[in-house]
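Structural features, examined
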Amino acid sequence: MNEYIINSKPFRVSRVLYIIEAALEYFISILVQGSFLATLTTSLEISDSVTGVISSFISLGCIFQLLSVFLKRPRLKSIVVPLSVLNQLLFMCLYIIPLSGLEKQFKAALFIIVLFVAYLILNSVHPLKISWLMSLVDNNKRGVFTSRKERVSLISGMIVTYSAGAVIDYYKAQGNVEKAFLVCGVAVFVITVLHTLTMVFSVESIDKQTLDTGKKNPIGEMIYTLKDKNVLKVAGLYALWNIADYSAIPFFGTYQIKELGFSMKFVSFIAIIYAIIRATVCTFWGKYADKKTFAHMLRACFCMATLSFLVCVFMVPSNGTVLYIVFYSIYAISCGGVSNALINLVFDIAKTETRSSALAVTNAVAGTVGFLTTLAVSPLVEYIQNNGNRFLGMNIYAQQVVSMISFIFGVISIVYLTFVVIPIKKEKTIADPVK
């Protein structure tokens with residue numbers, strides 16, 4: 001795409017809308033993950049171990065990104081917008097289900113089904129949406145643009161996080177948590193309407209290559225993508241990192257509320273610290289990636305995240321308030337670059353016409369591994385908790401044990417990135433100096 005088109009007014013306006021779209025989508029994700037999801041599952045009397053597995057639906061849902069190959073159209077906007085609306089309305093239903101007059105067991109089952117379907121749809125269209133909206137951005141400025149987009153999401157997300165936490169705490173104190181769920185459900189609906197408008201008014205880049213790609217045989221395109229050894233090696237990196245991330249993170253939501261005894265306001269306060277730090281460092285990471293490579297930036301981020309997992313190994317109720325802030329602060333520094341680096345790493349390595357397919361493959365592999373990791377770790381968490389927080393003769397909390405697992409696989413991920421992925425990036429740069 002030539003510079004005139006990329007700098008035209010419709011494209012400039014659409015990039016602004018993309019930043020707003022990402023922020024609104026982030027607001028909804030805040031309300032259906034972490035401690036907010038744990039509050040919903042606790043009200044439905046769903047156990048910690050099952051909540052951990054439910055949290056990992058976020059990861060398992062990535063396997064459905066493979067469906068994006070079959071959903072691909074010459075004009076991506078026509079399929080992305082309606083499915084995004086459906087996905088977010090299902091997220092709204094998560095706050096409505098606890099208010100229904102159904103039996104508790106049926107409500108819990110319905111809650112899990114709706115969450116599963118919501119993530120199925122979300123992940124099916126995600127690669128297509130990213131491919132569409134990122135095509136509006138200059139390739140040489142992706143690092144700076146994605147950092148700016150993330151910074152806006154994080155700063156505005158602080159308001160949503162604190163407000164939602166305060167609402168839940170207020171109505172909890174009154175013994176009327178159902179009212180809080182109603183308020184959050186209405187909020188998700190309003191955000192969905194605004195989010196839809198940002199996509200409707202965004203332009204779509206349509207050129208001959210895009211039209212030809214939309215006409216390709218989906219199976220053939222997937223086979224072609226799977227033959228790319230570089231894409232598969234990046235998928236391996238995704239998988240290793242998700243083992244590290246999903247061994248511990250899905251179990252921290254209930255750990256904050258129960259063992260550590262945090263109020264929702266304090267959880268929101270920690271989330272604000274996290275957002276401030278992440279927003280502060282994401283610009284640095286973006287510039288670093290544009291100057292160096294996304295692979296080198298990712299290695300630095302992995303080092304920070306792995307250190308944060310080590311901090312959690314020593315976190316118990318007596319020091320939980322301090323160490324959780326330390327953990328989340330270091331983790332925030334890493335996350336300021338990790339998510340954008342993983343996506344852009346695929347964009348760097350994959351060919352333009354297979355970017356969405358490559359993103360789908362890598363996320364599907366990582367998502368499956370992440371879900372299976374949480375599924376495998378969940379019985380260990382339940383065993384330790386049922387054994388009076390004792391493991392191998394030691395008084396220890398389950399979250400400390402899974403944090404050690406995360407630390408070990410964090411180290412493995414760093415080694416793999418250094419000796420497998422970074423050399424690929426060097427070869428790619430020599431062969432194709434243009435990002």
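Below, the structure is looked at part by part. Per chain, residues are indexed from 1 in the order of the written sequence. The predicted origin of the model limits local features to residues at a pLDDT of at least 70 and limits the giving and counting of side-chain atom pairs to 80 or more, whereas totals for whole chains, interfaces and linings rest on all residues. The basis for the side-chain values is all heavy atoms of the structure; hydrogens and waters are excluded.

**A closer look at the nonpolar core**
Among the nonpolar cores identified, the biggest contains 76 residues, and Leu 298, Phe 302, Tyr 324 and Leu 345 are the most heavily contacted of them. Every helix listed is a DSSP run of H or I at least four residues long, and every strand listed is a run of E at least two residues long, numbered separately from the N terminus. Considering each element in turn, this core owes the most residues, 14 residues, to helix 17 (residues 320-349). Residues within four places of Phe 302 in sequence aside, it is in contact with Leu 237, Trp 241, Val 338, Ser 413, Ile 414 and Leu 417. Among the nonpolar cores identified, the runner-up in size contains 38 residues, and Leu 90, Tyr 95, Ala 118 and Val 177 belong to it. Throughout, nonpolar core names a set of buried Ala, Val, Leu, Ile, Met, Phe, Trp, Tyr and Cys residues whose side chains join them through atoms within 4.5 Å. Whether a residue is buried, partly exposed or exposed follows from its accessible area with a 1.4 Å probe, protein chains only, as a fraction of its type maximum: under 20%, in between, or over 50%, in that order. By the convention used here, residues are in contact when the closest approach between their heavy atoms is within 4.5 Å.

**Observations regarding empty space enclosed by the protein**
Here a cavity denotes a set of grid points, spaced 1 Å apart and computed over the protein atoms alone, in which a 1.4 Å probe fits but from which it cannot get out, and a pocket denotes an open set meeting protein on both sides within 12 Å along at least five of seven lines; residues with an atom within 4 Å of a point are reported as lining. Grid points are joined across faces, edges and corners, and a volume is the space filled by probe spheres set on the points. Counted by the stated rule, this structure contains two cavities of 30 Å³ or more. Around the second largest cavity, the lining residues are Gly 143, Thr 146, Ser 147, Glu 150, Cys 282, Trp 285, Gly 286, Phe 294, Met 297, Gly 336, Gly 337 and Asn 340. For the lining of the second largest cavity, the elements supplying multiple residues, two or more each, are helix 9 (142-173), helix 15 (264-291), helix 16 (294-313) and helix 17.

**Comments concerning the packing of aromatic side chains**
Note on aromatic pairs: the rings of Phe, Tyr and Trp (six-membered ring only in Trp) are paired at centre separations within 6.5 Å, and the planes decide the class, stacked below 30 degrees, edge-to-face beyond 60, tilted for the rest. Taken as a whole, this structure holds 23 aromatic pairs when the rule is applied. Centre to centre, the rings of Trp 241 and Phe 302 are 4.1 Å apart; their planes meet at 10°, and the pair counts as stacked. Within this pair, whereas Trp 241 is found in helix 13 (residues 229-248), its partner Phe 302 is found in helix 16, the two being separated by 61 residues in sequence. Under the relative-accessibility criterion, Phe 302 is labelled buried at 0%. Plain terms: the ring middles of Phe 252 and Tyr 324 are 6.3 Å apart, the flat faces sit at 75° to each other, and that makes the pair edge-to-face. Of this pair, Phe 252 sits in helix 14 (residues 252-257) while Tyr 324 sits in helix 17, and the two are 72 residues apart along the sequence. Taken individually, Phe 252 and Tyr 324 each receive the classification buried, so the pair is uniform in this respect.

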